[in-house]
Amino acid sequence: MVSLFKKFWGGAETSSAQIAKERLRLVIKYERTDISPLLLENLRVDIISVLKNYMEIDEQKIEINLDQSGRSVALNASIPILKVKRQDAGPDDRDRPDPASNFKTRRRR
Amino acid sequence: MGARVIVITAGKGGVGKTTSTANLAVALAKEGKKVVAVDTDIGLRNLDMVMGLESRVVYNFLDVIEKKCRLAQALVRDKRVGNLCLLPAAQTRTKDAVSPEQMVQLCEQLRPDFDFVLLDCPAGIEGGFKNAAVGADEALVVATPEVTAVRDVDRIIGLLESMEKEPIRLIINRFRPNMVRNNEMMSEKDIMDILSVQLIGIVPEDDSVIKATNKGEPLTFSRNSPAALAYSNIAGRLLGRDIPLSSLRASDGGIWAGFKRMLGME
């Protein structure tokens, strides 16, 4: 939206048709997915919280937004990574189930 | 084989659903197809007036569903062109007088006798829309090049997709080439970038539409206006003909040259 105002007040005049198109794009992105700005913000907080288990990220430069392409809308996230923690880091390791336990042991007949 | 059942809808009111239904119905009938135009707007019927058949309406589709008359009694045959009938809406009832199941059954009742069943849908996204769309196979959605119409039609397209109607094709109505050329109106490309559905035609703003409605004579009885030609072309495309979308924004001679060229294409 800020960039829209810049175009309007700033230098070269943006045509009303162009403004119409950009306003529509924005509205439709949110309305197709029924994602409110509040939900997007909550999502952003949760995503950051999960990622911090695995890596150090630059929270100031995170961009999470919706992108329209064709009839569908995608959630895009761009998250600058500062440092990755241990490769196998995750939530508290004690609570993490051992993947090997997913395989049932075979009973010998 | 059975008819193609097409719902003509938009979400937004006043963008040209009824006008499009009437003109396409006449255009298809003139191509020799058996067409029934069904007004599904219970309580606010208008297709009868746009087609100029209002004085001959006796029964309506609700009477047929409620078995108060036979289907043949409710169908109003257009005497100006063969193969064309109107099935009117009830005027003194409300939209909840009919259920989606009954509408599906009505469409099935019409299928054997026609090539095309055109369902003129009321504005909105609630019961009236659902009743009109439920019995249809395909959809034509209508939008003018304005933010409100495009926003509403996007929602309608989403609803039609979830109802598995296909194909969904767009008519851009009341297009003004001069304004588009001056970047004061969204172009067909702008609209398609946002909506991403197949475009089946662009109908220019045309005073003839008002005169035609005044007289109750759909434009497509003749082809000597830009809108009439556009509707005739849309009918042709519905029949599978490859008619290129003419650029109404002639950078080569202005809009009048563009129109003349279009008319010369007859």
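Undergrad: What exactly am I supposed to notice about the packing of helix 2 (residues 16-33) of chain A against helix 7 (residues 147-162) of chain B here?
TA: Relative orientation and spacing of two packed helices are given, respectively, by the angle between their axes and the distance between those axes. Closest axis-to-axis distance for the helix 2 of chain A/helix 7 of chain B pair is 10 Å, and the angle between their directions is 25°. In terms of axis orientation, helix 2 of chain A runs roughly parallel to helix 7 of chain B. Helix 2 of chain A and helix 7 of chain B meet at a crossing whose hand is right-handed. Residue-level inspection shows Ala20(A), Leu24(A), Val27(A), Ile28(A), Glu31(A) and Arg32(A) of helix 2 of chain A in contact with helix 7 of chain B, the latter providing Val147(B), Val150(B), Arg151(B) and Asp154(B). A per-class count over the contact of helix 2 of chain A with helix 7 of chain B returns six nonpolar, no polar and four charged.

Undergrad: Before we go on, may I ask you to explain the interface of chain A and chain B in this structure?
TA: How big an interface is tends to be expressed through the accessible area that disappears when the partners come together. The partner chain B presents 17 residues to the 14 residues of chain A that form the contact. Summed over both sides, the interface of chain A with chain B buries roughly 1,400 Å², with 55% coming from carbon and sulfur. Of all residues in chain A, the largest losses of buried area upon contact with chain B belong to Lys21(A), Leu24(A) and Arg71(A), amounting jointly to 43% of the total for that side. Applying the counting criterion to the chain A and chain B interface returns six salt bridges. Here the side of chain A that touches chain B takes ten residues from helix 2 of chain A, the largest share from any one element. Broken down by class, the residue content of the side of chain A that touches chain B amounts to five nonpolar, four polar and five charged.

Undergrad: Can you walk me through helix 7 of chain B in this structure?
TA: Side chains that are three or four residues apart share a direction in an α-helix, a result of its 3.6 residues per turn. Helix length check: helix 7 of chain B (16 residues) gives 23 Å between terminal C-alpha atoms against 22 Å at 1.5 Å per residue, within 8%. Among all positions of helix 7 of chain B, only Ala149(B), Val150(B), Val153(B), Asp154(B), Ile156(B), Ile157(B) and Leu160(B) are buried. Against the buried residues of helix 7 of chain B lie helix 2 of chain A together with strand 1 (4-9), helix 6 (127-134), strand 6 (138-143), strand 7 (168-175) and helix 9 (188-195) of chain B.

Undergrad: What am I meant to see in the pairing of strand 7 of chain B here?
TA: When a strand is regular, its side chains alternate between the sheet's two faces. All names here are of chain B. In terms of burial, strand 7 is a largely internal element, seven of the eight residues being buried. Here strand 6 runs beside strand 7; their pairing, made up of five bridges, is parallel. By the bridge assignment, Val141 is partnered in strand 7 with Leu170. Assessed by its sense of winding, the connection that carries the chain from strand 6 through helix 7 to strand 7 is right-handed. In this sheet, strand 8 (residues 198-204) lies alongside strand 7 in parallel orientation, the contact comprising five bridges. Paired with Ile172 across the two strands is Ile202, which belongs to strand 8.

Undergrad: Teacher, can you tell me more about unusual backbone geometry here?
TA: Outside of glycine, negative phi angles account for most residues, and trans bonds account for most peptide bonds. All names here are of chain B. Looking along the chain, the bond that leaves Glu166 and enters Pro167 is cis, with omega of 0°. Following the sequence through the fold, Pro167 ends up in the loop between helix 7 and strand 7. Unusually for a residue other than glycine, Glu164 sits at a positive phi of about 60°. Classification of Glu164 as exposed rests on a relative accessible area of 69%. Residues other than glycine seldom take positive phi values, yet Ser196 does so here, at roughly 55°. Locating Ser196 in the fold gives a position in the loop between helix 9 and strand 8. By relative accessible area, which is 28% here, Ser196 ends up partly exposed.

Undergrad: Please explain the nonpolar core as it appears in this structure.
TA: Nonpolar side chains in soluble globular proteins tend to end up buried together. Core analysis: the biggest nonpolar cluster contains 95 residues, and Phe61(B), Leu87(B) and Leu170(B) have the highest contact counts within it. Counting nine residues, the second largest nonpolar core, distinct from the first, contains Ile35(A), Leu40(A), Leu51(A) and Ile64(A).

Undergrad: Help me out: how do you make sense of the sheet that holds strand 3 (residues 76-77) of chain B in this one?
TA: Each strand in a sheet pairs with its neighbour through backbone hydrogen bonds, running either in the same direction (parallel) or in the opposite one (antiparallel). Residue and element names in this part refer to chain B. Taken together, the eight strands give an open sheet; going across it, the order is 3-4-2-5-1-6-7-8, and neighbouring strands pair in mixed fashion. Across the chains shown, the open sheet's two edge strands, defined by having one partner strand only, are strand 3 and strand 8. One ladder, built from four bridges, connects strand 2 (residues 35-39) with strand 4 (residues 84-87); its direction is parallel. Looking at the pairing, Val36 lines up with Cys85 of strand 4. Together, strand 1, strand 2, strand 4, strand 5 (116-120), strand 6 and strand 7 form the strand contacts of helix 1 (residues 17-30), whose direction differs from that of strand 5 by roughly 165°. The strands touched by helix 11 (residues 226-238) within the sheet are strand 1, strand 6, strand 7 and strand 8, with strand 8 carrying the most contacts at an inclination of about 160°.

About the criteria used
Residues numbered from 1 in each chain as written. Chains lettered and ligands numbered in written order. Predicted model: local features only at pLDDT ≥ 70, side-chain atom pairs only at ≥ 80, totals over all residues. Heavy atoms only, no water. Axes fitted to C-alpha atoms, helices over the stretch in contact; angles between N-to-C directions. Helix = DSSP H or I, 4+ residues; strand = E, 2+ residues; numbered from the N terminus. Parallel < 35°, antiparallel > 145°, perpendicular 65-115°, else oblique. Left-handed = near helix turned anticlockwise from the far one by under 90°. Contact = heavy atoms within 4.5 Å. Nonpolar A, V, L, I, M, F, W, Y, C, P; charged D, E, K, R; others polar. Buried area = accessible area lost by both parts, 1.4 Å probe. Salt bridge = Lys/Arg side-chain N within 4 Å of Asp/Glu carboxyl O. Expected span 1.5 Å × (residues − 1). Buried < 20%, exposed > 50% of the residue type's maximum accessible area, 1.4 Å probe, protein only. Pairing = 2+ DSSP bridges. Right-handed = clockwise from strand over helix to strand, strands pointing away. Core = buried A, V, L, I, M, F, W, Y, C linked by side-chain atoms within 4.5 Å.

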